[in-house]
Amino acid sequence: MLEIIRQPWHWSIAGLLIGLTVPTLLLIGNKKFGVSSSLRHLCAMCVPANIPFFQYEWKKEIWNLFFVGGMLIGALIASKFLHNPSNIVVAESTKTVLYQYGITDFSKLMPTQIFNVANIFTLKGFAFFVFGGFLVGFGTRYAGGCTSGHSIMGLSTLQWPSLVATICFMIGGFFSANIIIPFIFKLF
Amino acid sequence: MVNNNLEDVRHQDSICTNEAMVQHPFWHNLKYMAVGIVFGIVFVKAEIISWFRIQEMFRLHSFFMYGVIGTAVVVGMLSVWIIKKFNLKTLSGETVKFEDKSFNKGQIYGALIFGIGWAITGACPGPLFAQIGSGFAVVVITFLSALAGTWVYGYFREKLPH
């Protein structure tokens, strides 16, 4: 059994479990599935700075921080005890492209040639961590939600603005992966 | 354009606000942590938090992520339909509330910006937490930067087109 769990899981299992998060959160406490709000709550908690957008009772939303804290713990458990020792299987066509950028290590979930501490003070690190992270935080809040809040919760409840947002997430992602990322690799 | 009714400040630009009216003791939050733990395990074991999966998805080299998101949406829709159809109640007996989301242009501009960041970091906000949990310490920088991005949005919110 443990052997099966250690293998990478099939997309349908992952999709099923992620989809079931929607009714689970609704039924255990009337909570709407959404992750990016946690960033807003943390801002409201730590640096509200009299900004109206952060003046609300974040304590009422503390469940959301427990939820994301749980995600961190779950990831830790999975990486420590259910670890898959083999290389991650990546599509050959993607590998071919990444080889050209000097990404040759497929042993971890993240490419260690980019996502390592030694890169923090390099321009490449700045582009991938600081610039990329900023866009994630700014963009999700501007859009009013992320993949969970819009694409999963929003689409599940048939909200057309969430469909618009999801389509725009994808457009942004396609543009970024095919135009911006190759450009970053060319620069640094 | 920007609704700054203070009583409604939490609902601004957010699809996932807390509708529960029943007050619970603090330990109830552990329920959500438990759901989060399962979620985090799924994220790692299905390799959804992998930067490589995101590159495959946005280069149309793999069906995997489309399968995950597609299945999740179908399961979510069916669940919501069942909850509405049978008027299922929460554990504490409340009616499950749904709220319609109103459109604003932020859902276009913001979503495009997030999409760009998603491909670069290989993470939406959820996987950011899971990447840190799986030991990629450097993602703490990405996370802090995402917090800064959210804060800067809050700061400039009234000047941005919505």
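**Q** I'd like a rundown of helix α3 (residues 64-85) of chain B, residues and numbers included.
**A** A rise of 1.5 Å per residue sets the reference length of α3 of chain B, with its 22 residues, at 32 Å; its end C-alpha atoms lie 31 Å apart and thus fit the reference within 8%. Turning to α3 of chain B, its buried residues number three or more, namely F64, M65, G67, V68, T71, A72, V73, V75, G76, S79, V80 and I83 of chain B. In this structure, the buried residues of α3 of chain B make contact with α2 (11-29) and α7 (147-156) of chain A together with α2 (51-58) of chain B. One or two steps after α3 of chain B, the chain reaches N87 of chain B, where phi turns positive at roughly 50°.

**Q** Explain unusual backbone geometry to me, using residue names and the numbers behind them.
**A** One non-glycine residue with positive phi stands out, namely L158 of chain A, at about 55°. When you line up the elements, L158 of chain A lands in the loop between α7 and α8 (160-187). For L158 of chain A, a relative accessible area of 66% gives the class exposed. Positive phi, normally seen in glycine, also occurs at L60 of chain B, with a value near 55°.

**Q** Quick one: what's the story with the interface of chain A and chain B, residue by residue and with numbers?
**A** Each partner contributes to the interface: chain A provides 138 residues, whereas chain B provides 119 residues. For the pair chain A and chain B, the summed buried surface comes to about 11,500 Å²; carbon and sulfur atoms form 76% of the total. Counting across the chain A and chain B interface gives zero salt bridges. Counting the contacts that link chain A with chain B gives 28 residue pairs in polar contact (both at pLDDT 80 or more). Among the elements of the structure, α1 (2-6), α2, α3 (37-46), α4 (62-81), α5 (92-100), α6 (123-143), α7 and α8 of chain A are those that each provide at least two residues to the side of chain A that touches chain B. In terms of residue count, the dominant contributor to the side of chain A that touches chain B is α8 of chain A (21 residues). Considered class by class, the residues forming the side of chain A that touches chain B number 87 nonpolar, 42 polar and nine charged.

**Q** Residue-level account of empty space enclosed by the protein, with values.
**A** For the structure shown, the criterion picks out one cavity of 30 Å³ or more. What the largest cavity holds in volume is close to 180 Å³. Looking at the largest cavity, it is lined by 18 residues, and the ones nearest its centre are T147, S148 and I152 of chain A together with F43 and C124 of chain B. Those elements giving two or more residues to the lining of the largest cavity turn out to be α7 of chain A together with α1 (29-45), α3 and α5 (125-133) of chain B. The element that contributes the greatest number of residues to the lining of the largest cavity is α3 of chain B, accounting for four residues. There are two domains that each give the lining of the largest cavity at least three residues, and those are domain 1 (1-83) and domain 2 (114-188) of chain A.

**Q** A description of the domain arrangement of chain A should follow, citing residues and the corresponding values.
**A** A common way to report how large an interface is uses the accessible area buried once the components associate. Residues and elements named next belong to chain A. One can read the domain layout of chain A as domain 1 (1-83) and domain 2 (114-188). Using C-alpha coordinates to define each centre, domain 1 is positioned 18 Å away from domain 2. If you look at the interface, domain 1 gives twelve residues, while domain 2 gives ten residues. Counting each side, the surface lost to burial between domain 1 and domain 2 is near 810 Å², with a carbon and sulfur contribution of 74%. When the buried surface of domain 1 facing domain 2 is broken down by residue, V22, F33 and S36 rank first, second and third, together holding 53% of it. Our count for the contact surface shared by domain 1 and domain 2 stands at two residue pairs in polar contact (both at pLDDT 80 or more).

**Q** Residues and numbers for the side chain of N84 of chain A, please.
**A** By secondary structure assignment, the location of N84 of chain A is in the loop between α4 and α5. A distance of 3.3 Å separates a polar side-chain atom of N84 of chain A from the backbone nitrogen of S86 of chain A. Apart from the residues within four sequence positions on either side, N84 of chain A is in contact with R6 and P8 of chain A together with K45 and E47 of chain B.

**Q** Could you give an account of α4 of chain A, naming the residues involved and the relevant values?
**A** The first and last C-alpha atoms of α4 of chain A sit 28 Å apart over 20 residues, in line with the 28 Å expected at 1.5 Å per residue. Close packing links the buried residues of α4 of chain A with α2 and α3 of chain A together with α1 and α5 of chain B.

**Q** I'd like to hear about the packing of α2 of chain A against α1 of chain B, residue by residue, with values.
**A** Two numbers describe how α2 of chain A lies on α1 of chain B: the axes approach to 10 Å, and their chain directions differ by 175°. On the basis of their axis angle, the class for α2 of chain A and α1 of chain B is roughly antiparallel. Touching A14, L17, I18, T21, T24, L25, I28 and G29 of chain A of α2 of chain A are K31, Y32, V35, F39, V42 and F43 of chain B, all from α1 of chain B. Residue classes in the contact of α2 of chain A with α1 of chain B are distributed as ten nonpolar, three polar and one charged.

**Q** Let's hear about the nonpolar core: which residues, and what values?
**A** By size, the foremost hydrophobic cluster in this structure holds 99 residues, and its most contacted members are I18, F33, F67 and F128 of chain A together with I48, W51 and W118 of chain B. Shared between two domains, this core holds at least three residues of each, these being domain 1 (1-83) and domain 2 (114-188) of chain A. Not counting residues within four places of it along the chain, the set of residues in contact with I48 of chain B comprises A14 and I18 of chain A together with V42, F43, I54, F64, M65 and V68 of chain B.

**Q** Would you mind going over the side chain of S156 of chain A in detail, with residue names and values included?
**A** Looking at the secondary structure, you find S156 of chain A in helix α7. Taking relative accessible area as the criterion, S156 of chain A reaches 2% and is therefore assigned buried. Engagement of the side chain of S156 of chain A in a polar contact is seen with the backbone oxygen of I152 of chain A, the distance being 2.6 Å. Of note is the side chain of S156 of chain A, whose polar atom sits 3.5 Å from the backbone nitrogen of M77 of chain B. Residue contacts for S156 of chain A: discarding those within four places in its chain leaves V22 of chain A together with V73, G76, M77 and V80 of chain B.

Here is what the cut-offs are and how they apply
Residues numbered from 1 in each chain as written. Chains lettered and ligands numbered in written order. Predicted model: local features only at pLDDT ≥ 70, side-chain atom pairs only at ≥ 80, totals over all residues. Heavy atoms only, no water. Helix = DSSP H or I, 4+ residues; strand = E, 2+ residues; numbered from the N terminus. Expected span 1.5 Å × (residues − 1). Buried < 20%, exposed > 50% of the residue type's maximum accessible area, 1.4 Å probe, protein only. Contact = heavy atoms within 4.5 Å. Buried area = accessible area lost by both parts, 1.4 Å probe. Salt bridge = Lys/Arg side-chain N within 4 Å of Asp/Glu carboxyl O. Polar contact = N/O pair within 3.5 Å; in protein donor to acceptor, adjacent residues only side chain to side chain. Nonpolar A, V, L, I, M, F, W, Y, C, P; charged D, E, K, R; others polar. 1 Å grid on protein atoms, 1.4 Å probe; cavity = no way out; pocket = protein on both sides within 12 Å on 5 of 7 lines; lining within 4 Å. Points joined across faces, edges and corners; volume = space filled by probe spheres on them. Domains from an automatic or database assignment. Axes fitted to C-alpha atoms, helices over the stretch in contact; angles between N-to-C directions. Parallel < 35°, antiparallel > 145°, perpendicular 65-115°, else oblique. Core = buried A, V, L, I, M, F, W, Y, C linked by side-chain atoms within 4.5 Å.

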